[in-house]
Amino acid sequence: MSDSTSPAFSLEFFPPRDLAGQERLVRAAKQMLAIQPKYVSVTFGAGGSTRAGTADAVRTLRNLGCDAAPHLSCVGATRQDLRDILQTYKNEGVRRVVALRGDLPSGMGGDAGELRYANELVSFIREETGDWFHIEVAAYPEMHPQAASPTADLEHFVTKVNAGADAAITQYFFNADSYFDFVDRAQAKGVRVPIVPGIMPITNHTQLLRFSEMCGAEVPRWIRLRLAEFGDDKASIRAFGVDVVTELCQTLLDNGAPGLHFYSLNHAEAPLAVWKELAL
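This structure is a prediction, so every number in the text was calculated from the model and none was measured.

1. Let's talk about the pattern of salt bridges
Line of reasoning, step 1. In the structure shown here, the tally under the stated rule is eight salt bridges.
Line of reasoning, step 2. Arginine 59 is paired through a salt bridge with glutamate 92; the nearest N and O atoms lie 2.9 Å apart. Remark: glutamate 92 occurs in the loop between α3 (79-91) and β4 (96-100) and arginine 59 occurs in helix α2 (residues 51-63); sequence separation between them is 33 residues.
Line of reasoning, step 3. Among the residues examined, arginine 59 registers a relative accessible area of 31% and is labelled partly exposed.
Line of reasoning, step 4. Judged by its relative accessible area of 28%, glutamate 92 falls in the partly exposed class.
Line of reasoning, step 5. The salt bridge partner of arginine 126 is aspartate 166, with a shortest N-O separation of 2.7 Å. Of this pair, arginine 126 sits in helix α4 (residues 118-129) while aspartate 166 sits in the loop between α5 (150-162) and β6 (167-172), and the two are 40 residues apart along the sequence.
Line of reasoning, step 6. According to the relative accessible area criterion, arginine 126 is buried, its value standing at 18%.
Line of reasoning, step 7. Sharing partners across several salt bridges, the network here consists of Asp56, Arg59 and Glu92.

And the structure:
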């Protein structure tokens, strides 16, 4: 699944909203440099609501020595908007982007922008910039919440890859079989790019359930029951989370996953704890 023998690690951050958030981002990024991430990605708010913040965070992370990949969403953007953003990043020497359809912010209605789907965005990036950018796209082992069926979702993924994607990052999951099943099905359709599992640390019970409800990721019943039992005992939740996520990561790596992409939530402690447990 991967060209190299050693797995590659990457991290996702989100743009800070205030000075305290900026300090937290820098602190977390400096701590996470210990694992020598291949790159870090920076998210993009619904409908482009954090466009300037994304670009600023990318600059901050690049100044710290990270290869930073901005998320780019086509929702709510014109072709000229996207052309300008790509040119700015190219001028600054950014060589990697994460191309997404993106989420419609509530109330946006029909103004979805000139490009409707991520495969159109990937094609547009290639038309505009050739091979300048390494393009990552999203994959959904447990199906995108808005997809008609697992088969339809897989077809959308294959179309994105064939449009010119170099690699994929999955939505997070806690069932390794869903990932391996998705990879097998994608490869049967001719997909040869690395499909890197996205990893969500478990640090907060209600936050995890809320995120999972929004993005269609299944939290297994046994995990939900254990988390509920811990109540407000944050230390126990964190320790349990490190054990569960470390075991998942080890299973993925042992069976050929080309790397791990940690959703850091701008905190270093949980991803670092997992990384140390993996003894890599």
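So, next bit.
2. Some points on the environment of glutamate 277
Line of reasoning, step 1. Checked against the element boundaries, glutamate 277 lands in helix α10 (residues 269-278).
Line of reasoning, step 2. Judged by relative accessible area, which is 52%, glutamate 277 ranks as exposed.
Line of reasoning, step 3. Distance from glutamate 277 to glutamate 229, taken between C-alpha atoms, is 24 Å for residues 48 residues apart in sequence.
Line of reasoning, step 4. Dropping the residues within four chain positions of it, glutamate 277 is found in contact with Val242 and Thr246.

3. Overview of the pairing of strand β1 (residues 8-13)
Line of reasoning, step 1. Burial of β1 is extensive: five of the six residues sit out of reach of the surface.
Line of reasoning, step 2. Pairing analysis gives four bridges linking β1 to strand β2 (residues 39-42), with the strands arranged parallel. Looking across to β2, one finds that leucine 11 is bridged to valine 40.
Line of reasoning, step 3. Crossover handedness for the path β1 to helix α1 (residues 19-32) to β2: right-handed.

4. A closer look at the side chain of threonine 129
Line of reasoning, step 1. Topologically, threonine 129 is positioned in helix α4.
Line of reasoning, step 2. Judged by its relative accessible area of 11%, threonine 129 falls in the buried class.
Line of reasoning, step 3. At 2.6 Å, the side chain of threonine 129 forms a polar contact with the backbone oxygen of isoleucine 125.

5. Focus: the environment of glutamine 171
Line of reasoning, step 1. Examined against the element boundaries, glutamine 171 turns out to sit in strand β6.
Line of reasoning, step 2. A relative accessible area of 18% means that glutamine 171 is categorised as buried.
Line of reasoning, step 3. Separated by 33 residues in the primary sequence, glutamine 171 and alanine 138 have C-alpha atoms spaced 7.0 Å apart.
Line of reasoning, step 4. In this structure, glutamine 171 is in contact with Ala139, Tyr140, Pro141, Gly198, Cys215 and Tyr263, ignoring residues within four places of it in sequence.

The rules behind each value
Residues numbered from 1 in each chain as written. Predicted model: local features only at pLDDT ≥ 70, side-chain atom pairs only at ≥ 80, totals over all residues. Heavy atoms only, no water. Salt bridge = Lys/Arg side-chain N within 4 Å of Asp/Glu carboxyl O. Helix = DSSP H or I, 4+ residues; strand = E, 2+ residues; numbered from the N terminus. Buried < 20%, exposed > 50% of the residue type's maximum accessible area, 1.4 Å probe, protein only. Contact = heavy atoms within 4.5 Å. Pairing = 2+ DSSP bridges. Right-handed = clockwise from strand over helix to strand, strands pointing away. Polar contact = N/O pair within 3.5 Å; in protein donor to acceptor, adjacent residues only side chain to side chain.

Geometric values such as these leave the question of function open.
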